[in-house]
Amino acid sequence: MKNQAPKLRGPSAIVSYAALSVVSLLFLVPLIWMACISFKPAREVGLPHILPKEPTLSPYAAVIGAGASASGVRVDAKGETERRETGAFNYALYARNTLIIVVLSLIGMILSSAIAAYGFARIDFPGRRAMFAVCLATMMIPFPVIMVPTYMIFRELGWIGTLMPLWAPAWFGSAFNIFLLRQFFMGIPRDLEESAMLDGCGRWSCFWRVILPLSTPALAVVALFHVLAVWNDLLGPLIYLSHQDQFTLSLGLQFLQSRSGDTPWNQLMAAATLMILPVVALFLIAQRSFIRGIATTGLKG
Amino acid sequence: MARRSNNLLAGLLWTAPWWLGFLLLLALPLAFSLYISFCDYPMLQPPLWVGGANYAELVHDGVFHKTISNTAVFAAVSVPLTTVVAIGLALLLNLSVKGQAFFRACIFVPTIVPMVAAGAIWMWMLNPDFGPIANLMRAMGVDRPPLWLDSPDWAMGALVLVSLWFVGSPVVIYLAGLQEIPEELYEAARMDGASAPRRFWHVTLPSLSPVVLFNVIISVIGAWQVFALPYMMWRTRPGPDRATYFYSMYLFDNAFNYLKMGYASALAWIQLLIILVLTGLVFLVSRRMVHYRAA
Amino acid sequence: MTVRSWILTIVLLAPAALLLAFGPQGTRPRPGGRTVIRYWDKWTGVEGAAMQRIVDRFNATVGAEHNVWVDYNALGDVDKRMLIAAAGGDPPDIAGIFDRYVPTYADRGALLPLEEFVAQAGIPLADFKPIWLDICRYDGRLYALPSTPYTIALFYNRRLFREAGLDPDRPPQTTAELIDYAVRLTKFDPSKKDRITQLGFTLSPAMLGWWHWIWPYFFDGSLWDGQRATIDAPATHAAMQWIQDFRNRVGNEAALRFEASCGAIDSAQNPFLNGSLAMVFQGPWLANWARVYAPELDYGVAAFPSVTTERRHVFASEDVFVIPRGAKHIHEAMIFLSFALRQDTLEELCREHGKTSPFLKPGPDFFRLHQNPKIRIFDELASSPLAFGYPPMPTFSEAWTETLYMVETVLRASRPAAEAIRMTQTKVSQVVRQYDEMSSRRRAGKQQ
């Protein structure tokens, strides 16, 4: 079902370009400001002019800091220590920590959400409707309600001080993704599975060989939503991570802001710019299939 | 009969990832938080049962009333506004023009800017002396632009304005909804001589209505939980005359600044109830307005 | 997918894969066999480096002797982190928190009383100035140890004093005089009469940070008498009247507008540094920023004036070390603390942080090596008999929020001051009553 409106021509094209440009500019101004601050030296940061008078790359140098551990100490073979500023943003380390969480949780999130969604979409068992309604309702639970008890559970499991609390829960799927995938699976004609079953396939191989391959657009959407959510999650890392060695990008950024004394805003904006660049690239590459993917999942409730 | 119970086992097995997680990571903590909402619980001492005292206190708590009304006003203004703006932007971004991906990215990227950075940027944007918005207003002849963040009358407006900057996610979902509308419907409408506004009103909007419902629900939930943006923009202060002090911020303060986890849990349960009721209402109202296309 | 998007995907994924495979790992040096002490504090940057140096020295000497390794870890919101970790049963062994949390946490049993351990470790408490230990006590017991103390004083711009015809060697002596000076030091845009270009003094909580609740103390008042909130007292009325007088004389709307456009005082964008704010209520660190960002600034430092010259009230505050209840290595933590609290070590830290010394007799090098030329003034202020710290209130957080609301209401003139004071008193009393009720129920429960 190809559904692109016809290419615009003539005056209507000019009008739409004008409208799009104005709107995009409105959304871009704060981003431009952010980028400009990231090139300002410290003494210019709070001044009203937008463009830096003496542009500098030093905020970026300060936040990239490859090679040193976050605690600021690196011990080489001879036991000599090399120091960098404690509490400085360490992009490479934080990005790596974030990526570890992204990868470990992504696998679990996709598998578990898809399996549970298949159960809700295809197996007609008693109590299914009620269970699914509860599943949807859990989307409304505000996080603070369960924050402290959840912390206690993770402590009992011995997970505090590790990255586990940040990725292991993804292996239980999430209500939103289960909902999304269930909608998609419902749209796949049943005949496909039935003929596979006639061929002697069990449910699992039906799911694995028929349903999943047909669902790549929907799975891609789930993956992208999940990556975005993990990349920017602040509250989880804030509660469960207590050592700078484990910080994620967003927690490192928050730390830059909350440190005592004055906040190095130019470094903070440099770090934020570096943090969103990969996601911007991801969006530019994937936006078309992303949007088409959402369309196919049919968020029609 | 055998078939049905067979199905039960299979169903429970397939949905196990979800209900295991639900029992362990939601139901258990929820039950605990329900329990401590009937307790005095300063976190550092064991919970002490106080019956309905926390809920009774809500009745007299002026700050609670203020945060409820602030949050209700924010939701009442920002949900419809976000919906209209998002649909408008989606229509615009659905136009087939060169550079479409770029324009889409411009609208979407703000949603991924970390809140810490976004809060600071908007504090500068809204600076009444040198911020671009104040400069623009002065250029248009407004002699004394509002104080925005520091004025009890404008702070809420400023927040609603800023929250529109994060409209990217619903826009993307509306865009997806627009893709779904079959071209034949438009052609039929064109054949009938319907003008563009009429086509929007009679074809686009009805076809889009399930997506609107979805987004409205998500944004109602989001509006009632608004926290990060005002928290960053007013830096731990409750805003001028508490004008931008919201429900979740009060909940957070009770839990972690006043060490009243019991009271905070009571607040959280009230919040959950409010959201459930509002979502139910949205569903009820929408019943007549949402059109599901026959499969 | 097109070839282009394949290429882009690879370009995006390759660095991610490389980073995962070869990226830096957070490895902490941890010599095997030693007991690891987890020490959380708020300091980063230069301040963090100073503490890290002390920790390194400890690990290389005393720590090696006693088989202890201190792991210094800087965190934002360290007080809340400690709280969550303690509630979850996994607190650090040592935490560096702000003094204002000591009563709140101590009264709820989150902090370990330290007298016994201090005596065992032989830390000579008699060497410290009494105010710095008083701040560490709650309800007669010692729950914390001083780390880096400071007093708050009046900074004033001597050049602006001269320009306004004031004697730069005679700072204001009373609160009333402060306002007179501040009005004379306020300048308006010649073309727009309601636009302030230079403000004499600020009382805006947004700019001052933590000290909006303090003004009644300079009028011989307080917020707390040890049992009850004392906000609705003549001193608070006098203080709010004082705020209103100043605002009325410079123009409330103009002052609000000026303050809304300024950078925060606790930052390098402080308007005092660029000469648009003539006087400011601030701690010794402002001198550090002045040295870095405004080396030409000609400023003086003096005691902040009180309502009369007979009674000089001085606000004193400090960062403190605490041992959370539930810490696993108390003995080892004390070994480190008695190292860190040796006079030469602690004074090195205070000096690097730009703070004053907590000791009765600062060491011979302390003032000589200190980068702040006015540091003696701050140190002398701490000896004042009327020095006071944060009110030792277990419900101070609520009082803090409510007094903030009170002062902002007065500043905006959105309600009469008397009404704002009464509302605040009522609310805080209610909070205190509820808290006391719960505490007594808890005590009763324990006795049964």
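Everything numeric here is computed off the predicted structure, so don't read it as measured data.

So, the interface of chain B and chain A
Each side of the interface is counted separately: chain B has 77 residues, and chain A has 75 residues. Broken down by element, the side of chain B that touches chain A gets its largest block of residues, 12 residues, from helix α2 (residues 16-36) of chain B. Grouping the amino acids of the side of chain B that touches chain A by side-chain chemistry returns 60 nonpolar, 13 polar and 4 charged.

Structural notes on the domain arrangement of chain B
Split into domains, chain B comes out as domain 1 (1-34) and domain 2 (61-286). Domain 1 of chain B and domain 2 of chain B are separated by 35 Å when their C-alpha centres are compared.

What to know about the packing of helix α4 (residues 62-93) of chain B against helix α8 (residues 155-164) of chain B
Residues and elements named next belong to chain B. Direction vectors running N to C along α4 and α8 enclose 35°, while the axes themselves pass 10 Å from each other. Considering only the axes of α4 and α8, their crossing is right-handed. Contact with α4, carried on its side by Val-73, Phe-74, Val-77, Ser-78, Leu-81, Thr-82 and Val-85, involves Met-156, Val-160, Ser-163 and Leu-164 of α8 and no other residues of that element. For the contact of α4 with α8, the per-class residue count stands at 8 nonpolar, 3 polar and no charged.

Focus on the packing of α4(B) against helix α11 (residues 196-224) of chain B
Residues and elements named next belong to chain B. At their nearest, the axes of α4 and α11 sit 9 Å apart, and the two run at 145° to each other. Remark: the crossing between α4 and α11 carries right-handed chirality. For the pair formed by α4 and α11, the contact residues are Thr-71, Phe-74, Ala-75, Ser-78, Val-79, Thr-82, Thr-83 and Ala-86 on the first element and Val-212, Asn-215, Val-216, Ser-219, Val-220, Ala-223 and Trp-224 on the second. Of the residues contributing to the contact of α4 with α11, the split by class is 9 nonpolar, 6 polar and no charged.

Focus on helix α4 (residues 78-87) of chain C
Taken across its 10 residues, α4(C) has 9 buried, putting it largely inside the fold. Of all the residues in α4(C), the buried ones are C:Val78, C:Asp79, C:Arg81, C:Met82, C:Leu83, C:Ile84, C:Ala85, C:Ala86 and C:Ala87. Lining the buried residues of α4(C) we find α5 (143-156) and α11 (235-240) of chain A, α13 (247-257) of chain B together with β1 (35-41) and β3 (94-98) of chain C. Just beyond α4(C), the residue with positive phi is C:Gly89, at close to 85°.

Topic: the sheet that holds strand β11 (residues 299-302) of chain C
Residues and elements named next belong to chain C. Taking strand neighbours across the sheet as the criterion, the 3 strands line up as β10-β7-β11 in an open arrangement whose pairing is antiparallel. Each edge of the sheet is formed by a strand with only one pairing partner; in this case those strands are β10 (279-282) and β11. Taking each pair of neighbouring strands and ignoring which way they run, the sheet shows an average axis angle of 25°. The pairing of strand β7 (residues 153-157) with β10 spans 4 bridges and is antiparallel.

How each quantity is defined
Residues numbered from 1 in each chain as written. Chains lettered and ligands numbered in written order. Predicted model: local features only at pLDDT ≥ 70, side-chain atom pairs only at ≥ 80, totals over all residues. Contact = placed C-beta atoms within 7 Å. Helix = DSSP H or I, 4+ residues; strand = E, 2+ residues; numbered from the N terminus. Nonpolar A, V, L, I, M, F, W, Y, C, P; charged D, E, K, R; others polar. Domains from an automatic or database assignment. Axes fitted to C-alpha atoms, helices over the stretch in contact; angles between N-to-C directions. Left-handed = near helix turned anticlockwise from the far one by under 90°. Buried ≥ 20, exposed ≤ 12 C-beta atoms within 10 Å, placed from the backbone. Pairing = 2+ DSSP bridges.

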